[in-house]
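Observations on the three-dimensional arrangement
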Amino acid sequence: MKEVGGFRVEAILIEELATIQHEYYCSIALDASGRQFFLIASKEGGIDIEEVAASHPEDIIKERFSFKQGLTRELAKNVAEQLGFTPQLLNAVINIFLKLWEITTKMEAQLVEINPLVLTPSGLIAVDGKMILDDDAAFRQPLIQNLEEKKLSDLEKLAKQAGFSFVELDGEIGILANGAGLTMALLDVLSQIGLRPANFLDVGGGASKERVYKALELIFKLKPRCVLINIFGGITRCDIVAEAIIQALKDFTTAPPMVIRLTGTNEKEGIELLKNEGINAFKEVIEVVNKVKEVLSG
Amino acid sequence: MANMYISDNSKVVVQGITGNQGAFHTKLMLEYGTKIVAGVTPKKGGQEVHSVPVFNTVEEAVRETGCDISIIFVPARFTFEAVKESLSAGIKMTCIITENVPVFDMLRLVEMAQERDQHLIGPNCPGMMIPDKIKLGIMPGDMCHYGNVAVISKSGTLSYEITKTIGNAGIGVSAYIGIGGDPVRGKTMIEVVEYYSKDPNTEKIVLIGEIGSDEEEKTAEFIKKNVSKPVVAYIAGKSAPEGKRMGHAGAIISGDFGTAQGKIKALKNAGALIADLPWNIPKLLKS
């Protein structure tokens, strides 16, 4: 099956040919770190819009507005006028902008984009569009509940259902860690010394025994040469992680060697539990990284 | 001495105290010495959790105990109402531990807080700590002692790793602030850096960032213009495969942002020292 931009082609939509007189760009985007929104528009729409933004930033109109105030008709009109629309089309464009904002708030979207917005002899047509929605709002957004993320592998889908973030990589060391930042830092450290992780797996905050067990089960499916577990407990409890490890080792007799680091909340209890089962756990990252090297070369 | 609106005299209310996480971390915070005077869980007023009285509403808790700081452990879909309640009751600083809070809920809450000159931190954050004085959050308490380095982090567990390394090196911490990993935050990285650039008890700043968003880049710009204190930074995600980007709009808003390399370049350019490994931070702090 063909891929376009890393996405598998799942369906093809055939549309009536539009007689394009001009292509525009318009979107409403959340500026998250600025805690506001942008209405963005350009006369130079189409697939090259990013190049336009880089080489001719003056061709991109960007107007900010607060969430509370929302997109006003006045601001929408101002931007539509900057695009140079004729008086006959001005109202249609203003309404498109206001509609974008209505969709943004109704769907809790972080991006609602039309590119290109095409001028034809019979009026304006939205030829292509894109939205970014909030997974965390899915519980009250029935329309997005059934959307499936197409780019995920089967294992990644399983991970999503189980509630942790997981990305398949092409190395040989299975990774189970907690916290996206710590997991990424661990992968960075491994890559820096030439070791290759088989996956990224952040088991999430306050993971239950079941969740950690499922994570291990998933990692075993990758058939890694060893599994590196790096837990720094905050809301996650080391004793619960230890219980899951013990259970998994009992159930999966062919599990690869595990190199374990447990520190933070209930670290003593966790290490003690493992010790009682004859499993060694380390307290420092550097120790486990060295141990992994040893296991792989052994 | 107030520090990001909390101090060792802060009287804390735990919202969601009867839940698993709420009860467990109430115990750990009490052991640290945090003055937790009240808990709130609707319909569970009258109970006690680790000898802390539970009330039905924050308003009642404020009236009965004089609590002035809140920490939130309620599930994501009830967080909006819980924080709204805390703001209405006049709580000065509300620390939101909960993860998966909808972005639009945070937009509304941030606006409410700003209008009333009240403060939020988080969501999806480990909380904040003034070592040896108050722990308002889920971070391990034994990472470090009090000193003059402020640690500001987007990431939770990675900041524990780094703060512990700093503590092990005998360097003290004036404040540990976990701003959280979600897109819309109660306190932005720039706001917290600005606060500690002016804090008389802080001499150096440690910044822990990760790939995604343009927050580190914006903060680097701010540091370049406004911060004379030394800044040491670590950015996670250098080896991460390129992820999905925010449509065309992302690139249009702030150019080519979000990569570890881009963030490191911006921070270097602002005069920050960059640690290539998390445990090299103490060395850079001592240099």
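Residues numbered from 1 in each chain as written. Chains lettered and ligands numbered in written order. Predicted model: local features only at pLDDT ≥ 70, side-chain atom pairs only at ≥ 80, totals over all residues.

What follows covers the overall build of chain A. Helix and strand content of chain A: 10 helices and 13 strands. Its C-alpha radius of gyration of 26 Å places chain A more than 25% over the 19 Å reference for a compact globule of 298 residues. Projected onto the principal axes, the alpha-carbon positions of chain A cover approximately 80 × 45 × 35 Å. For chain A, the residues scored as buried account for 41% of the 298 residues in total. Sequence separation of at least 24 residues holds for 64% of the intrachain contacts in chain A that already meet a minimum separation of 6. (Helix = DSSP H or I, 4+ residues; strand = E, 2+ residues; numbered from the N terminus. Rg over C-alpha atoms; globule rule 2.2 N^0.38 Å. Buried ≥ 20, exposed ≤ 12 C-beta atoms within 10 Å, placed from the backbone. Contact = placed C-beta atoms within 7 Å.)

What follows concerns the interface of chain A and chain B. Each side of the interface is counted separately: chain A has 44 residues, and chain B has 46 residues. Of all the secondary-structure elements, those providing two or more residues to the side of chain A that touches chain B are β3 (22-31), β4 (36-42), α1 (49-55), β6 (111-120), β8 (129-132) and α6 (180-192) of chain A. In terms of residue count, the dominant contributor to the side of chain A that touches chain B is α6 of chain A (9 residues). For the side of chain A that touches chain B, the residue count by class is 21 nonpolar, 13 polar and 10 charged. (Nonpolar A, V, L, I, M, F, W, Y, C, P; charged D, E, K, R; others polar.)

Residues and elements named next belong to chain B. For chain B, the domain assignment lists domain 1 (12-121) and domain 2 (143-286). Taking the mean C-alpha position of each, domain 1 and domain 2 sit 27 Å from one another. Facing the 10 residues of domain 1 at the interface are 6 residues of domain 2. Counting only elements with at least two residues in the side of domain 1 that touches domain 2, the list comes to α4 (103-115) and β7 (119-121). Sort the elements by how many residues they give to the side of domain 1 that touches domain 2 and α4 lands first, with 5 residues. Split by residue class, the side of domain 1 that touches domain 2 holds 9 nonpolar, 1 polar and no charged. (Domains from an automatic or database assignment.)

The next subject is the nonpolar core. In terms of nonpolar packing, the biggest core is built from 181 residues, with Phe 97, Ile 175, Leu 176 and Leu 201 of chain A together with Met 128, Ile 152 and Val 206 of chain B touching the most fellow members. Contact partners of Phe 97 of chain A, with chain neighbours within four places excluded, come to Cys 26, Leu 39, Leu 71, Ala 76, Val 79 and Ala 80 of chain A. (Core = buried A, V, L, I, M, F, W, Y, C linked by C-beta atoms within 7 Å.)

All right, on to the pairing of strand β12 (residues 204-210) of chain B then. Within a regular beta strand, the side chains point alternately toward one face of the sheet and then the other, so they alternate between its two faces. All names here are of chain B. Burial analysis of β12 places 7 of its 7 residues in the buried class, the great majority of the element. Alternating positions in β12 separate into two faces, Lys 204, Val 206, Ile 208 and Glu 210 on one and Ile 205, Leu 207 and Gly 209 on the other, with burial throughout. Sheet topology places strand β10 (residues 146-153) next to β12; 5 bridges connect them, and they run parallel. Looking across to β12, one finds that Val 149 is bridged to Lys 204. With helix α7 (residues 215-226) bridging β12 and the parallel strand β13 (residues 231-236), this β-α-β connection has right-handed handedness. (Pairing = 2+ DSSP bridges. Right-handed = clockwise from strand over helix to strand, strands pointing away.)

In this section: the confidence of the model for chain A. Mean pLDDT over chain A: 91, with 98% of residues reaching 70 or higher. Summarising per-element confidence for chain A, the mean pLDDT is lowest in strand β2 (residues 7-8) of chain A (72) and highest in helix α2 (residues 73-82) of chain A (97). (pLDDT = per-residue confidence, 0-100.)

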